[in-house]
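The residues making up each chain are set out below.
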Amino acid sequence: MIEIRNLSKTFSSENGETEVLKNISLTVRDGEIYGIIGASGAGKSTLVRCLNMLERPTAGAVFIDGEDVGALRGAALRLARKKAAMIFQDFNLLMQRTCLKNVCLPLELSGVGRAEAKKRAAELLDRVGLADKADAYPARLSGGQRQRVAIARALACDPKILLCDEPTSALDPQTAKAILKLIRDINRSTGITVVMITHQMSAAEEICDRVAILDGGAVAEEGSVDEVFSRPRSAAAKKLVFPELSESGGESGTKGSLIRAVFHGASATDSPLIATLAMEKHIAVSILSASVRNIGDKVYGNMLLSVPDRESAEETLRYLRSVPDVSAEEVTDNV
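Okay, so let's go over this structure.

What counts, and where the lines are drawn
Residue indices begin from 1 for each chain and proceed along its sequence in written order. Local features in this predicted model are restricted to residues whose pLDDT is 70 or higher, and side-chain atom pairs enter the listing and the counts only when it is 80 or higher, whereas totals over whole chains, interfaces and linings include all residues. By convention in this description, side-chain values take in all heavy atoms of the structure and omit both hydrogens and water. The definitions used throughout rest on a 1 Å grid laid over the protein atoms alone, on which a cavity is an enclosed set of points accommodating a 1.4 Å probe that cannot get out and a pocket is an open set flanked by protein within 12 Å on both sides along at least five of seven lines; lining residues are those having an atom within 4 Å of a point. Grid points are joined across faces, edges and corners, and a volume is the space filled by probe spheres set on the points. What counts as a helix is a DSSP run of H or I of at least four residues, what counts as a strand is a run of E of at least two, and both are numbered from the N terminus. Ten residue types, Ala, Val, Leu, Ile, Met, Phe, Trp, Tyr, Cys and Pro, are classed as nonpolar, four, Asp, Glu, Lys and Arg, as charged, and the remainder, Gly among them, as polar. What counts as an axis is a line fitted to C-alpha atoms, over the stretch in contact for a helix, and the angles between N-to-C directions run from 0 to 180 degrees. For this classification, under 35 degrees means roughly parallel, over 145 means roughly antiparallel, 65 to 115 means roughly perpendicular, and everything else is oblique. We call a crossing left-handed when the near helix sits turned anticlockwise from the far one by less than a right angle, and right-handed when that turn is clockwise. A contact between two residues is defined here by any heavy atoms of the two lying within 4.5 Å. What counts as a salt bridge is simple: a side-chain nitrogen of Lys or Arg found within 4 Å of a carboxyl oxygen of Asp or Glu. What makes two strands pair is DSSP finding at least two bridges between them. For our purposes a nonpolar core is just a set of buried Ala, Val, Leu, Ile, Met, Phe, Trp, Tyr and Cys residues, chained together by side-chain atoms within 4.5 Å. The cut-offs for exposure are 20% and 50% of the maximum accessible area for each residue type, with area from a 1.4 Å probe on protein chains only; residues under the lower value are buried, those over the upper are exposed, and the others partly exposed.

On to the layout of surface pockets. Taken as a whole, the second largest pocket spans an internal volume of roughly 640 Å³. Contributing to the lining of the second largest pocket are 20 residues, with Arg81, Lys82, Ala85, Met86 and Pro106 lying nearest its centre. Mapped by element, the contributors of at least two residues to the lining of the second largest pocket are helix H2 (74-83), strand E6 (84-87), helix H3 (99-109) and helix H5 (143-154). Residue composition of the lining of the second largest pocket, grouped by class: 13 nonpolar, three polar and four charged.

What follows concerns the packing of H3 against H5. Across the interface, H3 lies against H5 with an axial gap of 8 Å and an inter-helix angle of 30°. Classified by the angle between their axes, H3 and H5 sit roughly parallel to one another. Along this stretch, H3 crosses H5, giving a crossing that reads as right-handed. Here Cys99, Asn102, Val103 and Pro106 of H3 come into contact with H5, specifically with Val149, Ala152 and Arg153. When grouped by side-chain class, the residues that make up the contact of H3 with H5 number five nonpolar, one polar and one charged.

Moving on, we get to the pattern of salt bridges. Per the stated rule, a full pass over the model turns up 16 salt bridges. A salt bridge links Arg210 to Glu222, with the nearest nitrogen and oxygen atoms 3.4 Å apart. Of this pair, Arg210 sits in strand E9 (residues 210-215) while Glu222 sits in strand E10 (residues 218-224), and the two are 12 residues apart along the sequence. Across the salt bridge formed by Arg318 and Glu315, the nearest N and O atoms sit 2.7 Å from each other. On the criterion of helical spacing, the pair formed by Arg318 and Glu315 is a turn pair, its members being three residues apart in helix H12 (residues 310-321). Through salt bridges with shared partners, one network takes in Glu32, Arg210 and Glu222.

Once that is clear, we can look at the sheet that holds E10. Spatially, six strands are ordered E6-E7-E8-E3-E9-E10 in an open sheet, and the strand pairing comes out mixed. The open sheet terminates on both sides in strands that have one partner only, identified here as E6 and E10. The sheet shows a mean angle of 15° between the axes of neighbouring strands, direction not considered.

Generally speaking, a soluble globular protein has its nonpolar side chains buried in company with each other. Judged by nonpolar contacts, the single largest core of 55 residues is most densely connected at Leu125, Ile151 and Phe229. Each residue touching Leu125, except ones within four places of it in the same chain, is listed here: Cys99, Leu100, Val103, Leu130, Ala131, Ala134, Val149 and Ala152. Among the nonpolar cores identified, the runner-up in size contains 31 residues, and Ile24, Ile36, Val69 and Ile161 belong to it.

Glancing now at the pairing of strand E11 (residues 257-267). Looking along a regular strand, one sees the side chains alternate between the two faces of the sheet. Taken across its 11 residues, E11 has nine buried, putting it largely inside the fold. One ladder, built from five bridges, connects E11 with strand E14 (residues 326-330); its direction is antiparallel. Bridge pairing links Ala261 to Ala328 in E14.

Moving on to the environment of Val48. Its place among the elements puts Val48 in helix H1 (residues 44-51). When neighbours within four sequence positions are excluded, Val48 is seen to be in contact with Met86, Leu163, Asp165 and Ile197.

Written out as structure tokens, the structure is:
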């Protein structure tokens, strides 16, 4: 288990001090995939680097399985870092080494014999789907393949924790989806705890169990993916979860009441909800903006609806809330 207690980080420069992290307290349970989400500059990458003391916090502490990582030095700290391997947005592979030798490197540094290291590295490349690229150099690989090599290298010393700093932001959507699936499969097959830093809500929604929203270096909101994505409470979470609705201008220039409907796996085979609402309930519903997608026969996403008056709003909320896997709320702000 990872426990972050009252953690703060301040950077000093000739222009003064900048507080990047502000009194953060979070708990990551063993075996879960935990997402830390926020816009650029929210402090996400600094936070993940504090977990293995690549950045030392100004105040507060990080405990892994009850051990204060910040109190460790030398060999003890190096051992703790082996337990918390890291993968990066830009892969950080050694370009002069083959894929096999990149994966061998942490094993060799740990004193594993060359033959045993090569055997373990080959097994890991096979695990990430790159057995045929053992002798290839990173320059000859695609971005997705490089990230797979980086994941294999991170797993070389059997870590208990995998720290992922924006692992898919440099990849195209299809490749990113494949990398997320690989991380999820590794989590499920090994029980490894995953902490994933991302600004991509789709990535967090794809594989995370719980998430924390960072805003200005502080935790704005925390909870299960379903809870935060379907009913965000903080302004920061709403802007991240519903960017299309935020950009639409909210209720600006709109008369009547606004309702946000969120679809988290609703059936796509039933009668269209909005059309049924208009025909059966005789409510003039306008769709101001929408971001929905079909996966199989299920619908995911959200809509911002306008209805003419309070009575219509109450009836619309009752109707939408009666539908399985649909949540609805009245919107009282711009997001």
